[in-house]
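# Topology and contacts: notes
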Amino acid sequence: MIRITHQREKCIGCNYCVELAYERWRMSKKDGKVTLIEGKNKKGFYTALAGDDEYESNINAAKACPVKIIRVEQVK
Amino acid sequence: MIMNKKSVEIMAPAGSFESLTAAIQGGADSVYFGIEQLNMRARAANNFVFDDLEKIAELGEKHNVRTYLTLNTIIYDHDLSLMKRIVDKAKNTGITAIIASDQAVINYANSIGLEVHISTQTNVTNLETIKFFSHFADVMVLARELSLKQVKDITDGIKKDDVRGPSGELIEIEIFAHGALCMAVSGKCYLSLHTNNSSANRGACVQNCRRTYEVKDEDGNELLIDNEYIMSPKDLCTIGFIDDIIKSGVKVLKIEGRGRAPEYVKTVTQCYREAADAYLEGTYTKEKIAEWDKKLASVYNRGFWDGYYLGQEMGEWSDVHGSKATTRKKYLGKGVHYYPKAGIAEFKLETHSLKVGDKILVTGPTTGVVESEIKELMVDEVMYTEIKKGVTFTTPLNTIIRNSDKLYVVEEVDGPTQ
């Protein structure tokens, strides 16, 4: 299991995460920022749990994020 | 030739309400600012947000200052809805114009009757391009890499060929007069994108050009270079030849620096306002230029040069990481109260100490920038010559300050500041 965290407010809408992990990220046409699918909001930090199979693609998304607002951790 | 005073517009940057007020205090005719992420300072922490537009438009109207909203990043499909929402709101709230580079923005703003200015991101360098954009825009900024001769050829061409914008007026030409320069042609730089995935053209430049570099050939031999800041241009300063700039037919002088502090905005705006007015009134002298140069050097700068306007063949490169400013501000505390009848300001000194004779700076969203010198310090109705942190004190000040305004002491420095 992995936990993905997203500080949505700081997103600049570059679209890298969507390209690298499209199953987890969707660009919002409302405000041009990305939305973490199934993310739960807690004070601006969106968190979602996902299977290990999504680890690699989301680590790549986190590395590519220009504003470094995506965090991916492995959880038990 | 003496021109009408209004024939030169000083356009100042506003990255916050503090800077916006500072620009107005400095005598700006117009201010430019960004909201949300579709502007060239998307990475900055202090961007305005959507709901600030009303207040910005209101302030502009109150002080007779034109307000320009920068919406000049490259635009993707997923940005279109936000872009249109921003442009609509700008029009409805009474923002004067949109500064744009992407055709989607230019076309949309024009289609709803909102004035369009062409951004530096389009690199306008010739008359035919001006004619092309004249179908959409009334004001265009020229690329920073043109010489004044090239600038004049363009402004002459506009008059000769009678190139008019949607308003029916002749196209107005704007140039960058002061502030940071890019090592790339105007804004078009891809270094940050290639090294950090962080596109400068989406407002997320990481400023690779401001660092030091070693230069090695393919065999690993290091080349000896005089200055390791091989890509960091000095800052542009045109105050010493503002007469030539105005003579070249330029109507708008733009000051770069939406990321700069309010006192920077106030000082630079004031200097250029005075210089433009001095030229127009026939009182532009060497002595005044020396005075302005000194003032401009006191705030953030990487050393100055003339840019490309005077036809320099090679760029001039900075030799510092941060600023060469001759002064530095140090945070002391916050404003508590102002007693208007007595002309007394009350502050809480949260850190360091303060003594009579110190130069202070107070900044705030409504206050803007207030500079003064401490003449008296009073704590519980007892006079002091010096006070330490933790006390609440009063001091005479002839300008109103507000609760929670920030108080700084201004110090002289010898070496570079960060």
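Residues numbered from 1 in each chain as written. Chains lettered and ligands numbered in written order. Predicted model: local features only at pLDDT ≥ 70, side-chain atom pairs only at ≥ 80, totals over all residues.

### What to know about the interface of chain B and chain A
- Residue-level contacts link 15 residues of chain B with 13 residues of chain A.
- Looking at the side of chain B that touches chain A, its residues break down into 4 nonpolar, 8 polar and 3 charged. (Contact = placed C-beta atoms within 7 Å. Nonpolar A, V, L, I, M, F, W, Y, C, P; charged D, E, K, R; others polar.)

### Re the nonpolar core
Residues and elements named next belong to chain B.
- One finds Leu-71, Ile-98, Val-105, Met-140, Ile-175, Leu-253 and Tyr-272 to be the most contacted residues of the largest nonpolar core, which totals 130 residues.
- Here the element with the most residues in this core is helix α9 (residues 262–281); it accounts for 8 residues.
- The residues that make up this core include at least three from each of domain 1 (5–182 + 233–305) and domain 2 (327–412).
- Residues in contact with Leu-253, not counting those within four places in the same chain, are Val-8, Glu-9, Ile-10, Met-11, Ile-175, Ala-177, Tyr-272 and Ala-276. (Core = buried A, V, L, I, M, F, W, Y, C linked by C-beta atoms within 7 Å. Buried ≥ 20, exposed ≤ 12 C-beta atoms within 10 Å, placed from the backbone. Helix = DSSP H or I, 4+ residues; strand = E, 2+ residues; numbered from the N terminus. Domains from an automatic or database assignment.)

### What to know about the packing of helix α1 (residues 17–26) of chain B against α9(B)
Residue and element names in this part refer to chain B.
- Where α1 contacts α9, the axes come no closer than 8 Å and their chain directions differ by 20°. What the angle tells us is that α1 and α9 run roughly parallel. By crossing handedness, the relation of α1 to α9 is classed as right-handed. Of the residues in α9, those in contact with Glu-18, Ser-19, Ala-22, Ala-23, Gln-25 and Gly-26 of α1 are Pro-262, Glu-263, Val-265, Lys-266, Thr-269, Gln-270 and Arg-273. (Axes fitted to C-alpha atoms, helices over the stretch in contact; angles between N-to-C directions. Parallel < 35°, antiparallel > 145°, perpendicular 65-115°, else oblique. Left-handed = near helix turned anticlockwise from the far one by under 90°.)

### What to know about the sheet that holds strand β1 (residues 2–7) of chain A
All names here are of chain A.
- A sheet is described by the order of its strands in space; here 4 strands give the open sequence β4-β5-β1-β6, paired in antiparallel fashion. Strands at the two margins of the open sheet, each flanked by one partner only, are β4 (40–42) and β6 (70–74). Strand after strand, the sheet turns through a mean of 25° between neighbouring axes, direction not considered.
- Alignment of β1 against β6, held across 5 bridges, turns out to be antiparallel. Across the sheet, residue His-6 finds its bridge partner in β6, namely Ile-70.
- Each of β1 and β6 is contacted by helix α2 (residues 55–64), which is oriented at about 145° to β6, the strand it contacts most. (Pairing = 2+ DSSP bridges.)

### So, helix α6 (residues 148–160) of chain B
Residue and element names in this part refer to chain B.
- For α6, with 13 residues, the first-to-last C-alpha span of 18 Å sits near the 18 Å given by 1.5 Å per residue.
- Residues of α6 that are buried include every one of Leu-148, Val-151, Ile-154, Thr-155 and Ile-158, and no others. All buried residues of α6 project into a common sector of 120° when viewed along the axis, lining one side. Those residues of α6 that are exposed and aimed more than 90 degrees away from the buried face are Lys-149 and Lys-160.
- For α6, the elements touching its buried residues are α5 (127–133), β7 (172–179) and α8 (242–247).
- Just beyond α6, the residue with positive phi is Asp-162, at close to 55°. (Expected span 1.5 Å × (residues − 1). Arc of directions from axis to C-beta.)

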